[in-house]
Amino acid sequence: MLPREAERAAGMGDTGGSDIVRVAATLVSAAVIIAALYYGQDILIPLAFAFLIGFALNPPVMWLRRRGLHKVIAIATVMTVVLVLLASLFLVLGTQLRSLGEQLPTYQSTIHGKFNDLKAQFKAPGMLDGALNAIASLQKEVEAVQGAEAQRVEIVSGPSTQLQVALVWLGRVLEPLATAGIVLVFVILALLDRTDLRDRLLRILGGNLHRSTDAIEDAGRRISRYLLMQLVVNTTFAIPLALGLWLIGVPGALLWGVVAAVLRFVPYLGALISAVFPLALAFAVDPGWHMVLWTLALIAGLELVSNNIVEPMLYGTSTGLSAISLIAAATFWTALWGPVGLILSTPLTVCLLVLGKTLPQLQFLDTLLGSVPVLSPAERIYQRLLAGDVDEATEIAEGEIKTLAMIPFYDSVGIAVLRLAHDDYGRQATAAHRLRVAEGMEALLEELREEHAAADAMASSPKVVCIGGKWEIDAIAAEMLAHAFALEGIPAQTRRIAHVTTGSVARLDLDAAPVVCINYFSSEPDSAARQFGRRLRQRWPELKIVTVLWTVSPEALAGDARKDIGADDVATSVQEAIGRVQRLLPEMAGEPKRAEAPANESERVAALHGTDFLVESLRDDLDAIAKRAADAFDVDVAMISAIDADREVVIGRSKELAGFGRDETGRPILPRQEAICDYVVSGGETLVVADTERDARFTDNPVAKTWGLRFYAGAPLRSAGGHVLGALCILDAEARTLGQRERELLEKLAADVVEAISRKEAERGPQPQGKADTEASATVGQQVPE
């Protein structure tokens, strides 16, 4: 063996050995943790119950503290109310149980009669009598043989004294009472030292306070939401159950409703146990079978509604756990801690899920337990194509199209599938894999074109011809793009070319097409794109060329990238390509498109003038909110704008803005058709533009060009009457994205803007209304009653 090969083999051996040691250490650690959980359950179970109850009681404690009560008084008040409610509940249930106990002797004759009838039916001759007799005979013979071989001895203990019996029962009663007392003490201590416990938990989770704080908030939010949803589900089940049992005539209907509400906190088994009591009582009360059947029908119907309608709507999003992980967690904790573990399984598993989301070392817990799909839609489709399962890939695609619509699906999923194929082309994919993906994508696109057909898809005189630049996936991207053009009302066709030669280019037949789109999946397409473009222009000098670069980052296309590759325009997405082509087509060129005005535009403008949105005295307050938004999102500019009938008025900004006109009070204004915020008013929802240079709507926007802005995000300022009067927007010179939580934060700040204006109006009081204010009151957007 050569020295280098020996070193490589030795290195591989060392790596394999370290992997084995790492796996062994992980298994040993897991075994130690499980053993600690099992042998320490006497301490851990009360702690777990205490913290779970503490999660439930903390909101009312905090509510009382916000009302000015001292912490100790607030905790004492909440605990007193809880204990009084529990005592009252036990008193009512005890009364119901005593009443049932008094009536039980009267049900004995009914029970005996039904059992006698059942015995008589089972004793009647049947087809299994011969088999049962044979089994009985065999059992007697076995017993006779065992009796002949050995004499059975039974040891009978002496009778216990009254003191021994009393001690046994006292121990059985004191054990749960002692556990309840320990839980009560832990709950009070957890509520008293909540902040200290939180600080200690932050230190245990690690030095990154941002990540640890988010983890604790996430765990608290998920567990609180789970407990609330569980309470809602149990209540919506218990109330109809109690009412239905009362109408049927089952005694103790209120008792069984409460029992069902409590026992359903026990996953899976609680519902079955709670159903036994009313069914058994219905069996004992009614001499016939009608009450039993009606009770069974009632419970079954409520279970169907709860399991198929109520629970899927609430549980899936309340904890973030998948259904299979809930079942596996229930099995694990029940095996570890018994029935108590079954009750605590969901909250404990939620904590594990949050740890998996927070700590990189435990990320596998998030994968195993979470309800979020571990593969993106594009990865799922790509994997199905690799496996040759085109039908399932098509099914996934159709599901995504129902959510996104056709063109957004091509942009976010379809092209992403081709990117995955491009990335794997020279690294992992075999010839069979490449062929499956190519043939599968063609079949999938054919299916989508049939399901989502466009009238001008096969026009004889196309306005746009889409061509694949080099590879097979380039041609598949061209087919997607042509279908998207057709759906937008632009007649389009595809052409295939194997080699970019003079003869091959001449056979493309582009005489009637004013625009051609060339598609490339390549990280360095410059030379190939220039050569292709040069040959096209030699044949058709007036032809407009749009080069679509699917794998080139938008940052790499800044400046004069289109001139470098000899194209009239460059695009990186389906939506952007549509916008670029629309600008190049003669019949669609001209005045830039502007946002459509809302259907209730006149009412919206009247509502704007009926509020304090345009009052100059609010400038300092709104400037402060804009400055807070700019600092929180770390952007260059944040501004608050009101959209009037024909102009945008900047009523708050984080810094002075250049390049604007000014109104009579010195506030920046610009024409409405140039305002990006007008799209927020038009759509009525938050708008995020990751890169204005890559969005054809804003490529030539004067504001974006004057300030050199590339990122925009705006949240609507919605009045109490539902009118969108303007927007709170953040802008930056760097392209970026906005996550879901950041969108929600921006929308919250927009709500703060509206609240600040409403508060100022309330402080100012009603003002005399002029002609422009006759349709709205002083309250933001509130319509004046006739």
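Residues numbered from 1 in each chain as written. Predicted model: local features only at pLDDT ≥ 70, side-chain atom pairs only at ≥ 80, totals over all residues. Heavy atoms only, no water.

Novice: In this structure, what is going on with the sheet that holds strand S12 (residues 724–732)? I would like to understand it.
Specialist: Two strands in a sheet stick together by hydrogen bonds in their backbones, pointing the same way (parallel) or opposite ways (antiparallel). As summarised here, the arrangement of the seven strands in space is S8-S9-S7-S6-S12-S11-S10, forming an open sheet in which the pairing is antiparallel. Each edge of the open sheet carries a strand with a single partner, namely strand S8 (661–662) and strand S10 (687–689). Where S10 lies against strand S11 (residues 711–718), three bridges are found, and the strand directions are antiparallel. Within S11, the position partnered with Val688 by the bridge is Ala713. Strands strand S6 (637–643), strand S7 (647–653) and S12 of the sheet are contacted by helix H24 (residues 619–633), whose axis makes an angle of about 80 degrees with S7. (Pairing = 2+ DSSP bridges. Helix = DSSP H or I, 4+ residues; strand = E, 2+ residues; numbered from the N terminus. Contact = heavy atoms within 4.5 Å. Axes fitted to C-alpha atoms, helices over the stretch in contact; angles between N-to-C directions.)

Novice: What should I look at first to understand a nonpolar patch on the surface in this one?
Specialist: Together, Tyr268, Leu269, Leu272, Ile273, Phe277 and Ile327 make up a nonpolar patch on the protein surface, roughly 590 Å² of accessible area in all. No other element matches the four residues that helix H9 (residues 269–285) contributes to the nonpolar patch. (Patch = residues over 30% accessible without salt bridge, like charges linked within 9 Å, V, L, I, M, F, W, Y side chains within 5 Å. Areas by Shrake-Rupley, 256 points an atom, 1.4 Å probe, with all protein chains shown as cover. Salt bridge = Lys/Arg side-chain N within 4 Å of Asp/Glu carboxyl O.)

Novice: Quick question: what am I supposed to make of the packing of aromatic side chains here?
Specialist: Two descriptors summarise a pair of aromatic rings, namely the distance from one centre to the other and the angle between the planes of the rings. Applying the stated criterion across every chain yields a total of nine aromatic pairs. Geometrically, the ring pair formed by Tyr679 and Phe698 is edge-to-face, given 5.0 Å between the ring centres and 80 degrees between the ring planes. Separated by 19 residues along the polypeptide, Tyr679 in helix H25 (residues 677–683) and Phe698 in the loop between S10 and helix H26 (702–707) bring together distant segments of the chain. Tyr679 sits in the buried class, given a relative accessible area of 18%. Above the plane of the ring of Trp540 lies Arg539, whose end atom (NZ or CZ) is 5.6 Å from the centre. (Phe/Tyr/Trp six-rings, centres within 6.5 Å; stacked < 30°, edge-to-face > 60°. Buried < 20%, exposed > 50% of the residue type's maximum accessible area, 1.4 Å probe, protein only. Lys NZ or Arg CZ within 6 Å of the ring centre and 35° of its normal.)

Novice: Sorry, what's going on with unusual backbone geometry here?
Specialist: Outside of glycine, negative phi angles account for most residues, and trans bonds account for most peptide bonds. The residue Ala405 is not glycine, and still its phi comes out positive at about 85 degrees. Looking at the element boundaries, Ala405 is found in the loop between helix H15 (390–404) and helix H16 (406–424). Backbone geometry at Asp634 places phi at a positive 55 degrees, although glycine is not the residue there. Mapped onto the elements of the fold, Asp634 is located in the loop between H24 and S6.

Novice: For this particular structure, what's the right way to read the side chain of Ser573?
Specialist: The topology assignment puts Ser573 in the loop between strand S5 (569–571) and helix H22 (574–584). The buried category is assigned to Ser573, whose relative accessible area is 18%.

Novice: How should I be thinking about the side chain of Asp474 in this particular structure?
Specialist: Tracing the sequence through the fold places Asp474 in helix H18 (residues 472–487). Although buried, Asp474 forms no salt bridge, and the nearest oppositely charged side chain, Lys470, lies 7.8 Å from it. Ignoring sequence-local partners within four residues, the contact set of Asp474 consists of Gly468, Gly469, Asn519, Tyr520 and Phe521. (Lys, Arg positive; Asp, Glu negative; His and termini not counted.)

Novice: Please explain the state of the cysteines as it appears in this structure.
Specialist: Chemically, a disulfide is nothing more than a covalent bond linking the sulfur atoms of two cysteines. Tallied over the full model, the rule gives zero disulfides. The thiol sulfur of Cys729 is not disulfide-bonded, and the nearest other cysteine sulfur, from Cys677, lies at 3.7 Å. (Disulfide = S-S within 2.5 Å.)

Novice: Explain a negative patch on the surface here, please?
Specialist: The grouping of Asp391, Glu395, Glu447, Glu450 and Glu451 at the surface amounts to a negative patch. Among the elements of the structure, H15 and helix H17 (431–451) are those that each provide at least two residues to the negative patch. Broken down by element, the residue count for the negative patch peaks at three residues, all from H17. Within the secondary structure layout, Asp391 lies in helix H15. (Charge placed at Lys NZ, Arg CZ, Asp CG, Glu CD.)

Novice: What am I meant to see in the nonpolar core here?
Specialist: Nonpolar side chains in soluble globular proteins tend to be buried together. Residues Ile381 and Phe485 are the most contacted members of the largest nonpolar core, which totals 48 residues. Ignoring anything within four residues of it in the chain, the contact list for Ile381 reads Ala393, Ile396, Ala397, Phe409, Val413, Val417 and Leu444. Ile651, Leu746, Ala750 and Ala756 belong to the second-largest nonpolar core, a separate cluster that totals 33 residues. (Core = buried A, V, L, I, M, F, W, Y, C linked by side-chain atoms within 4.5 Å.)

Novice: Please clarify how the pairing of strand S2 (residues 492–495) should be interpreted in this entry.
Specialist: Every regular strand shows the same layout, with side chains that alternate between the two sheet faces. As paired elements, strand S1 (residues 464–468) and S2 share four bridges and run parallel to each other. Bridge assignment links Val465 to a residue of S2, and that residue is Gln493.

Novice: What should I look at first to understand the packing of H16 against H18 in this one?
Specialist: Relative placement of two packed helices is described by the angle separating their axes and the distance separating the axes. Where H16 contacts H18, the two axes come as close as 11 Å, and the packing angle between them is 180 degrees. One finds that H16 runs roughly antiparallel with respect to H18. Where H16 approaches H18, its residues Met406, Ile407, Tyr410, Gly414, Ile415, Leu418, Ala421 and His422 are matched on the opposing element by Ile473, Ile476, Ala477, Met480, His483, Ala484 and Leu487. Class assignment for the residues of the contact of H16 with H18 results in twelve nonpolar, three polar and no charged. (Parallel < 35°, antiparallel > 145°, perpendicular 65-115°, else oblique. Nonpolar A, V, L, I, M, F, W, Y, C, P; charged D, E, K, R; others polar.)

Novice: Is there a simple way to explain the sheet that holds S5 in this structure?
Specialist: Taken together, the five strands give an open sheet; going across it, the order is S2-S1-S3-S4-S5, and neighbouring strands pair in parallel fashion. In the strand order of this sheet, the two ends are held by S2 and S5, each with one partner. Direction aside, the axes of adjacent strands within the sheet are offset by 25 degrees on average. Packed on one face of the sheet, helix H20 (residues 526–539) meets S1, strand S3 (515–520) and strand S4 (544–549) and runs near 160 degrees to S3. Across the sheet, H22 touches S1, S3, S4 and S5, and the angle it forms with S5 is around 160 degrees.

Novice: How should H9 be read in this particular structure?
Specialist: The α-helix advances 3.6 residues per turn, and as a result positions three or four apart in sequence lie on the same side. Taking 1.5 Å per residue, 17 residues should reach 24 Å; H9 reaches 25 Å between its end C-alpha atoms and fits that length. Within H9, the full set of buried residues consists of Gly270, Ala271, Ser274, Ala275, Pro278, Leu281, Ala282, Phe283 and Ala284. (Expected span 1.5 Å × (residues − 1).)

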